[in-house]
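An overview of the molecular structure
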Amino acid sequence: MSLHDDAVLVLKGYEGQEELREAYLDHLSAHPDGMWKSCHAGHLTASALVIDPSRGRVLLTLHRKLRMWLQMGGHCEPGDPTLAEAALREAAEESGIEGLTLLPGGPVRLDRHPIPAPCHWHLDVQYAALAPADAVAAISDESLDLRWFAYDEVAEAADDSVVRLVEATRARL
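The structure reproduced in this document is the subject of the present report. All of these numbers come straight from a predicted model, not from anything done at the bench.

Quick look at the side chain of Asp124
Here Asp124 is to be found in strand S7 (residues 121–130). The buried charged residue Asp124 lacks any salt bridge, with Arg109 as its nearest oppositely charged partner at 8.1 Å. Of the polar contacts made by the side chain of Asp124, one reaches the side chain of Thr45; its length is 2.9 Å. Within the structure, Asp124 has its side chain in polar contact with the side chain of Gln126 (distance 3.2 Å).

Here it is in structure tokens:
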């Protein structure tokens, strides 16, 4: 099964955000290359909020290019067998944490946001990744900083999309 096919199945099974879910599915139907950065009409991305529920905190990255506190995530790669594994790969690469596991139940949220040309949209499929108890984060080349935030600190540091992701993740827990 291709990554494109997997994304269609994931989105068909996703419950919630009906209008946005349908927009993602319409995009993939219209763009066979809709999983890849080269699709200038927009492309799916995969992200994961790294969470440590035992300590009531999440790990955010200060994105090097955007200079914003965000969840881990990014572009799908040809070697990614599934959307979930793309999100997990991105989370591990950007956090430096080994042993992350995705929260069961598939994506937590969808978030569509504009990006600079030549592309126009990121259609982000957002998961949550559970950090092991002994997790030690390490800054990657894509990040200016990594920091654990208590749940109630996220709104002070990050934008509304991250706050909504934290809320949806906590509700799933």
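Having put the structure on the table, let's press on.
Here we look at unusual backbone geometry
With a phi angle near 45°, Gln17 is a residue other than glycine that sits in the positive phi range. With respect to the helices and strands, Gln17 occurs in the loop between helix H1 (3–13) and helix H2 (18–30). Exposure remark for Gln17: the relative accessible area of 26% places this residue in the partly exposed category. Here Arg67, not a glycine, exhibits a phi torsion of approximately 55°, which is positive. For Arg67, the location among the structural elements is in the loop between strand S2 (57–63) and strand S3 (69–70).

Notes on the layout of surface pockets
To find the voids left in a structure, one rolls a probe of water-molecule size over its atoms. What the largest pocket holds in volume is close to 920 Å³. Along the wall of the largest pocket there are 32 residues; nearest its centre are His63, Leu66, His75, Ile115 and His122. Those elements that provide at least two residues to the lining of the largest pocket are strand S1 (43–52), S2, strand S4 (72–75), helix H3 (83–95), strand S6 (109–114) and S7. Class assignment of the residues belonging to the lining of the largest pocket gives a composition of nine nonpolar, 13 polar and ten charged.

Let's talk about the nonpolar core
One finds Leu11, Met35, Leu44, Val50, Leu83 and Val125 to be the most contacted residues of the largest nonpolar core, which totals 32 residues. For this core, the elements supplying multiple residues, two or more each, are H1, H2, S1, H3, S7 and strand S8 (143–150). Considering every element that reaches this core, the biggest residue donor is H1, with five residues. Sequence-distant contacts of Met35, defined by excluding residues within four places in its chain, comprise Leu3, His4, Ala7, Leu28, His43, Leu44, Cys76 and Leu83. With 18 residues, the next largest nonpolar core counts Leu49, Leu103, Ala128 and Phe149 among its residues.

Concerning the pattern of salt bridges
Going through the model one piece at a time under the given rule, you end up with ten salt bridges. In this structure, Arg21 engages Glu22 in a salt bridge whose closest nitrogen and oxygen atoms are separated by 3.0 Å. A relative accessible area of 10% means that Arg21 is categorised as buried. Overall, the relative accessible area of 34% leaves Glu22 in the partly exposed class.

Some points on H2
Across its 13 residues, H2 extends 18 Å between first and last C-alpha, which sits within 8% of the 18 Å expected from 1.5 Å per residue. Where H2 is concerned, the buried positions are Arg21, Tyr24, Leu25, His27 and Leu28. Around the axis of H2, the buried residues are gathered within 155° of arc, so they sit on the same side. Residues of H2 that are exposed and point over 90 degrees away from its buried face: Glu19, Asp26, Ser29 and Ala30. Those residues of H2 that are buried are in contact with H1, S1, S6 and S7.

Conventions adopted
Residues numbered from 1 in each chain as written. Predicted model: local features only at pLDDT ≥ 70, side-chain atom pairs only at ≥ 80, totals over all residues. Heavy atoms only, no water. Helix = DSSP H or I, 4+ residues; strand = E, 2+ residues; numbered from the N terminus. Buried < 20%, exposed > 50% of the residue type's maximum accessible area, 1.4 Å probe, protein only. Lys, Arg positive; Asp, Glu negative; His and termini not counted. Salt bridge = Lys/Arg side-chain N within 4 Å of Asp/Glu carboxyl O. Polar contact = N/O pair within 3.5 Å; in protein donor to acceptor, adjacent residues only side chain to side chain. 1 Å grid on protein atoms, 1.4 Å probe; cavity = no way out; pocket = protein on both sides within 12 Å on 5 of 7 lines; lining within 4 Å. Points joined across faces, edges and corners; volume = space filled by probe spheres on them. Nonpolar A, V, L, I, M, F, W, Y, C, P; charged D, E, K, R; others polar. Core = buried A, V, L, I, M, F, W, Y, C linked by side-chain atoms within 4.5 Å. Contact = heavy atoms within 4.5 Å. Expected span 1.5 Å × (residues − 1). Arc of directions from axis to C-beta.

These figures come from the coordinates and say nothing about function on their own.
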